[in-house]
Amino acid sequence: MEDRGYTQKVATFKARILPANSVLIVVHDFPDPDCLASAAGLKYLLTYWGVPTCKITYGGFVGRAENRTMVQLLEMSAVPIVLVDLSSFDRIIVADSLPGGGNVSLPPDAKVDAVFDHHMESPDADAPYFFDVRKDIGATSTLITQYLNYAGCPIPRREATALYYGIKTDTNGMGRDAFPEDLECYKLLFDLLDHQLLFKIEHPQREIEFFRGLDQALRTAIIFGDTAYIYTGEVNTPDHVGEMADFFSSLKILEWTVCAGIFREKLYFSLRCKTLENAGITAREIARQCGGSGGGHGKIGAGQIPLSSKSMANNPSHVFKSTAKKVLDRSDLPEIPLLKSADA
Ligand SMILES: [Mn+2]
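Okay, so let's go over this structure. Everything numeric here is computed off the predicted structure, so don't read it as measured data.

Looking at the element boundaries, Asp170 is found in helix 5 (residues 157–171). Although buried, Asp170 forms no salt bridge, and the nearest oppositely charged side chain, Arg176, lies 5.9 Å from it. In this structure, Asp170 is in contact with Asp32, Asp34, His118, Gly138, Ala139 and Arg176, ignoring residues within four places of it in sequence.

Have a look at this one:
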C-alpha cells in the first residue's frame, strides 16, 4: 500500500497521546458498528503502545440487535458515559464524530486530544487537538485500520472482525459511499477476521419489539412519487429509525427514503438515497429548518430535532414530513399509503 502520509500522521498522533496512563475513547451516542470498531481498534493500538488503561464510552445505549451482539461477542468493554469520570483520564479521543457535533455526549469544556472521523464537517485547522477527518473514505474503521497498519501493530481476530464489520455496515458491503482505501482495508481484514463471529453478529437474535416496530412502520409508510416516508412513532432505540430506513429503501420504485421516530423528547430521522449523492447535505438542511442538527454522507444522512424546538411544538411528525418534502422539492406530490400503492 502507498503511504499517503500515514507514517507521519501515526507519529504525530502518538506524540500527542503518549505518555499517558489512561485514555478515554468517546464515540457517538447510540453507537453503530463503525464507531465501536474504530474505538476497539484505537484501544488495541494504545495498549500496543503501552498505555495501561483504555476505556471506550458512548452516550445513550447500544440499540440494534447486531450492535449489541457485536459488543457482547467481541467482548468490547464499552460503558455509558454517565458512568465515566472524565477527570480521571489523561487523554480523550473522539471517534466517528466531532466534539460539539450534537451527537456526542461530551461536556463542552472537556479537553479533547484527538479526533478521527469521516464526515463532511471538518474541525478548524487551528483546533486544539490532533485530528484526521476525511471526506474521501467510507468508514472511520478504514482510517483506524490504516493507523494500526502503519504503526506496525498486528491486528488480532476480534479487532479485525469489528473493523471489517464497521467498514461493511458504513459502506453497505462496498456498495455505498465506498472509496479505494475502504476496499484495500476490507480485503486486508477479510483474511484476519473470525467468520463464525461475523456470522453471529450479522444474524442476531431479536427481541419481539423489533417485529412490533416493523409492523408499525409498515402501517404508517406512505409514498409520494419516488419517495417514502415512514414514521415509527415512539421507538425503544433511535437506531431503529436508521434500521427501518435501510429496510424500506430496498423498495424498487424509491429514490429517497425518509424515516422518523421519537425517542426521549427528540425526533430522530434517517435519509437514504439510491443514485444521488446529497443525503448528508439534505439531512443537514431539513434539520436546520426544524431547529435540530443533521449531516451524513452521499447516500445516507441522519439528524435529530429536539421536540422543544419552536417549529416542532404541534404534531412533530407532520412538521418534519412537510419540511422534508419541501427540502426534497416534493411538496406537491400526492401521498399514498405504501401498502395500498399500485407499485408496491
Ligand atoms: Mn462511520
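Another point: the packing of aromatic side chains. Applying the stated rule across the entire model yields 20 aromatic pairs. Ring geometry for Phe13 versus Trp49: centroids 5.8 Å apart, planes at 50°, classification tilted. In this pair, Phe13 sits in helix 1 (residues 6–17) while Trp49 sits in the loop between helix 2 (33–48) and strand 2 (53–58), placing the two residues 36 residues apart along the sequence. Grouping residues by exposure puts Phe13 and Trp49 together as buried. An angle of 85° between the planes, with centres 5.4 Å apart, marks the rings of Phe30 and Phe263 as edge-to-face.

Counted as a void, the second largest pocket has a volume near 480 Å³. Lining the second largest pocket are 23 residues; nearest its centre among them are Gly63, Glu207, Glu209, Phe210 and Thr237. Residue assignment for the lining of the second largest pocket shows that the elements contributing at least two residues are helix 3 (65–73), helix 8 (208–220), strand 8 (227–234) and helix 9 (239–248). Per-class residue counts for the lining of the second largest pocket are 5 nonpolar, 9 polar and 9 charged. Among the domains, domain 1 (6–202) and domain 2 (211–340) are the pair contributing at least three residues each to the lining of the second largest pocket.

The next point concerns the coordination of the manganese ion. Binding of the manganese ion to the protein goes through Asp34 (OD), Asp96 (OD), His118 (NE2) and Asp170 (OD), at separations of 2.0 to 2.5 Å. In primary sequence terms, the donor set of the manganese ion follows D-x61-D-x21-H-x51-D. Of this pair, Asp34 sits in helix 2 while His118 sits in the loop between strand 5 (114–117) and strand 6 (130–133); the two residues are 84 residues apart in sequence, bridging distant segments of the chain. Per residue, the accessibility class of Asp34 equals that of His118, and both read buried.

A few words now on the pattern of salt bridges. For the structure on display, the rule yields 25 salt bridges. For Glu335, the salt bridge is made with Lys321, and the minimal N-O distance between the two is 3.1 Å. Taken as a pair, Glu335 in the loop between helix 11 (316–327) and strand 13 (336–337) and Lys321 in helix 11 lie far apart in primary sequence, 14 residues in all. Looking at Glu335, the relative accessible area reads 37%, which means it is partly exposed. Judged by its relative accessible area of 14%, Lys321 falls in the buried class. Salt bridges linked by common partners bring Arg64, Glu66, Arg176, Arg206, Glu243, Asp246 and Arg272 together as one network.

Criteria and cut-off values
Residues numbered from 1 in each chain as written. Predicted model: local features only at pLDDT ≥ 70, side-chain atom pairs only at ≥ 80, totals over all residues. Heavy atoms only, no water. Helix = DSSP H or I, 4+ residues; strand = E, 2+ residues; numbered from the N terminus. Buried < 20%, exposed > 50% of the residue type's maximum accessible area, 1.4 Å probe, protein only. Lys, Arg positive; Asp, Glu negative; His and termini not counted. Salt bridge = Lys/Arg side-chain N within 4 Å of Asp/Glu carboxyl O. Contact = heavy atoms within 4.5 Å. Phe/Tyr/Trp six-rings, centres within 6.5 Å; stacked < 30°, edge-to-face > 60°. 1 Å grid on protein atoms, 1.4 Å probe; cavity = no way out; pocket = protein on both sides within 12 Å on 5 of 7 lines; lining within 4 Å. Points joined across faces, edges and corners; volume = space filled by probe spheres on them. Nonpolar A, V, L, I, M, F, W, Y, C, P; charged D, E, K, R; others polar. Domains from an automatic or database assignment. Donors = N, O, S within 2.8 Å, 3.2 Å for Na, K, Ca; no water.

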